[in-house]
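Geometric and topological summary
One letter stands for each residue in the lines below.
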Amino acid sequence: MSTLRVGLRCDAGPKRGVGHLVRCLALAEEFLARGAHVAVFGTVERLPWATAELATRGIPLHPGPDTPTELVEAAHRHELDVLVLDSYELDPAGAGALRAAGVFTLAVIDGDSRGQVADLYLDQNFGAEQAGLAPAAELPGLPGRLLAGSGYALLRDSVITARPPVPPPATTVSRPRVLAFFGGTDAVGAAPVLTRVLVATGHPMDLTVVVGRPEIEAEVEDVVPGRGQIIRPVPPTSSLPTLITEADLVVSAAGTSTWELCCLGAPAALVCVVDNQRESYARVVRHGLAAGLGELPELTAAGIAGRAARATAARTLHGLLSSPRRRATLGAQAWSTVDGQGRARVVDAVLDAVRGAAVTD
């Protein structure tokens, strides 16, 4: 079989965030390790660190395409065998158009297939396999198979290599190291809100806050730390896995980074920052993979309701900061749930399907 040619269609930017690009990058690394030719198609806006991630791996970035017709034209122009679609914005008809044109199509979804008719679907969210569908089951009314659950979590090389061989032990520290980050751009402005909630715990801490944009940095710098508290804003960094493993507690959004935190065995407290995280957030918290701090609109609300939500989140954080055992329990449960082999399982499934189709033809 000649060299497999794989395209990944995703976008990233200050308002879109970088979750789609990060998980596509993880798939790209696995395909490259298997000897495939890989290219990314889409828009990466004002994220020099993200374009550098692609460049250092020798992955070309091509613009668009957007419409079903443009997707098919681009697939043929670049002689793609496989096209991965990871977007909430593309016309759902694109997957079916690609299949009809003979291009194997993998749709990365988060609970909702959006009517896409793909060869293979991936929902890496924890518990997705229990939502009435088993891994690799037939989707009702659709021809493809579903790879479901955190066993298929897409993680980059930097995360997999940083995974500890055993869950981190309970460690007593007088001033815990706390890391707060909310995606590559913090599109919803969660960092200042959670920085204030962390300060409100009154617990000593050494807090590092990843600030995705200048306006976020300015807000974080305006927060006045309490006694024994240090706040250190830092820009987005490729060293995030190292920061995670060095932290005693991580506060983050309940997005794609959840699976990185789990793989690394990080004791984490999560915030649901957008609607499409709600179901996964609830499952993760219910199963003890992370503590829950509520939803961002609740934490930013005015009046009594907002004050109550922030006070509840601060109590949860104080309990974690003051209990090494509770932190270790969360980290161990998370570590045992995501083993870092998800992307290999996904690529195995793609290669098996592509080979099977070639034999049939």
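In case you missed it, the structure is sitting above this.
For the structure given in this document, a descriptive report is provided here. Because the structure is a prediction, the values reported are computed rather than measured. (Residues numbered from 1 in each chain as written. Predicted model: local features only at pLDDT ≥ 70, side-chain atom pairs only at ≥ 80, totals over all residues. Heavy atoms only, no water.)

**Overview of the overall build of the protein chain**
Of the regular secondary structure elements, the protein chain holds 14 helices and 14 strands. The C-alpha atoms of the protein chain give a radius of gyration of 21 Å, which matches the 21 Å a tight globule of 361 residues would have. Seen through its C-alpha atoms, the protein chain measures out along the principal axes to roughly 70 × 35 × 35 Å. Per-residue burial for the protein chain yields a buried fraction of 54% across its 361 residues. (Helix = DSSP H or I, 4+ residues; strand = E, 2+ residues; numbered from the N terminus. Rg over C-alpha atoms; globule rule 2.2 N^0.38 Å. Buried < 20%, exposed > 50% of the residue type's maximum accessible area, 1.4 Å probe, protein only.)

**Some details on helix 2 (residues 48–56)**
Within the span of helix 2, buried status applies to A50, E53 and L54. For helix 2, the angular spread of the buried residues around the axis is 95°, confining them to a single face. Opposite the packed face of helix 2, turned more than 90 degrees from it, sit the exposed residues P48, A55 and T56. Check the buried side of helix 2 and you find it contacts helix 1 (19–33), strand 2 (37–41) and strand 3 (61–62). Positive backbone phi, approximately 70°, marks G58, located one or two places after helix 2. (Arc of directions from axis to C-beta. Contact = heavy atoms within 4.5 Å.)

**Re unusual backbone geometry**
In this structure, P65 follows G64 across a cis peptide bond, with omega equal to -15°. Note on placement: P65 falls in the loop between strand 3 and helix 3 (68–77). The phi dihedral of R114 falls on the positive side, at around 60°, and the residue is not glycine. With respect to the secondary-structure elements, R114 resides in the loop between strand 5 (104–108) and strand 6 (120–123).

**Examining the side chain of S280**
With respect to the helices, strands and loops of the structure, S280 is situated in helix 10 (residues 278–286). S280 sits in the buried class, given a relative accessible area of 8%. Residues within four places of S280 in sequence aside, it is in contact with N125, F126 and W259.

**Quick word on the packing of helix 3 against helix 4 (residues 93–100)**
The contact between helix 3 and helix 4 brings their axes to 8 Å, and the two run at 40°. Taken as axis vectors, helix 3 and helix 4 run oblique relative to one another. In this structure, the crossing between helix 3 and helix 4 has a hand that is right-handed. Every residue of helix 4 that contacts helix 3 at P68, L71, V72 and A75 is listed here: A93, G94, A97 and L98. For the contact of helix 3 with helix 4, the per-class residue count stands at 7 nonpolar, 1 polar and no charged. (Axes fitted to C-alpha atoms, helices over the stretch in contact; angles between N-to-C directions. Parallel < 35°, antiparallel > 145°, perpendicular 65-115°, else oblique. Left-handed = near helix turned anticlockwise from the far one by under 90°. Nonpolar A, V, L, I, M, F, W, Y, C, P; charged D, E, K, R; others polar.)

**Quick look at the nonpolar core**
Counting residues in hydrophobic clusters, the biggest one holds 38 residues, and the most contacted among them are L8, L27 and F31. For this core, the secondary structure elements donating two or more residues are strand 1 (5–9), helix 1, strand 2, helix 2, strand 4 (82–85), strand 5, strand 6 and helix 14 (342–360). Per-element accounting of this core gives the leading share, 8 residues, to helix 1. L8 has contacts with C24, L27, A28, V38, A39, V40, F41, L83 and V84, leaving out every residue within four places of it along the chain. (Core = buried A, V, L, I, M, F, W, Y, C linked by side-chain atoms within 4.5 Å.)

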